[in-house]
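Chain by chain, the residues run as shown.
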Amino acid sequence: MTKENIIALPNPHLREKSKRIGVVTPEIKKVVQDMQTATIDWEQSRDHEVGVALAAIQLDIPLKIVVVRNNYDNKEDHTFSVFINPEITKYEGRIVEDFEGCLSVPDVYGKVPRHDKVRVKALDIHGKPFRVTAEGFLARIFQHEIDHCNGLVFIDHIKDDPQAFFKLKEDGNLEQLNYEKDVRANSILW
Ligand SMILES: [Zn+2]
């Protein structure tokens, strides 16, 4: 699959809950492959952004699968970690605000409060259970992606915050959006 397969708002599927996977079949492995290919393809079309992670629903596949780039600071590294049926088992640390973007919310960025540390359990690509503890930006990624599996988009967390919305300018810098006009009245987002 390519970046053309990535769905974006206002597609209502992004606000539906994905289903748990029972057995990791060859079809599931193909979906995982497609998710990685589409993320890299999307990134290669963007000058100032990195495709850090993707949830299957972003390819319009309502299954609980998340892929996360192993080294999102290095655009040359195209390897990913796979999380099937990912779940946050514990939220820890402080609540921290930082910028988030989403392949399914083109050009809009938001300052989203998230926990600084989370514990995650999931199945790997072989169907074997494992657990990870994530801190900082990786903790944010997990919260963002697991939200996708549950039908939530990052803007849903900040919809009442007039200061939280930004757009990516062509030079790569962020500029605050006009909340009433560009956010509240924007029927693409809600
Ligand atoms: Zn997203």
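Residues numbered from 1 in each chain as written. Predicted model: local features only at pLDDT ≥ 70, side-chain atom pairs only at ≥ 80, totals over all residues. Heavy atoms only, no water.

**Q** I'd like a rundown of the overall build of the chain, residues and numbers included.
**A** Along its length, the chain carries four helices and seven strands. Start at the N end of the chain and walk to the C end: the helices and strands fall as α-β-β-β-β-β-α-α-β-β-α. A globule of 190 residues ought to have a C-alpha radius of gyration of about 16 Å, and the chain, at 16 Å, matches this closely. Summarising its shape, the C-alpha atoms of the chain cover approximately 45 × 35 × 30 Å along the three principal directions. Counting every atom, the chain has about 9,800 Å² of accessible surface; 48% of that belongs to carbon and sulfur. In the chain, 26 side chains carry a positive charge and 31 a negative one; their mean positions are 6 Å apart. (Helix = DSSP H or I, 4+ residues; strand = E, 2+ residues; numbered from the N terminus. Rg over C-alpha atoms; globule rule 2.2 N^0.38 Å. Areas by Shrake-Rupley, 256 points an atom, 1.4 Å probe, with all protein chains shown as cover. Lys, Arg positive; Asp, Glu negative; His and termini not counted. Charge placed at Lys NZ, Arg CZ, Asp CG, Glu CD.)

**Q** I'd like a description of the pairing of strand β6 (residues 165-168), backed by residues and values.
**A** Here strand β4 (residues 105-123) pairs with β6 via three bridges, running antiparallel. Counted as the bridge partner of Tyr-109 is Phe-166 from β6. Where β6 meets strand β7 (residues 174-176), three bridges bridge the pair, whose relative direction is antiparallel. The partner of Lys-167 across the bridge, within β7, is Glu-175. Here β6 folds back onto β7, and the loop between the two strands holds five residues, one of which, Gly-172, carries a positive phi near 95°. (Pairing = 2+ DSSP bridges.)

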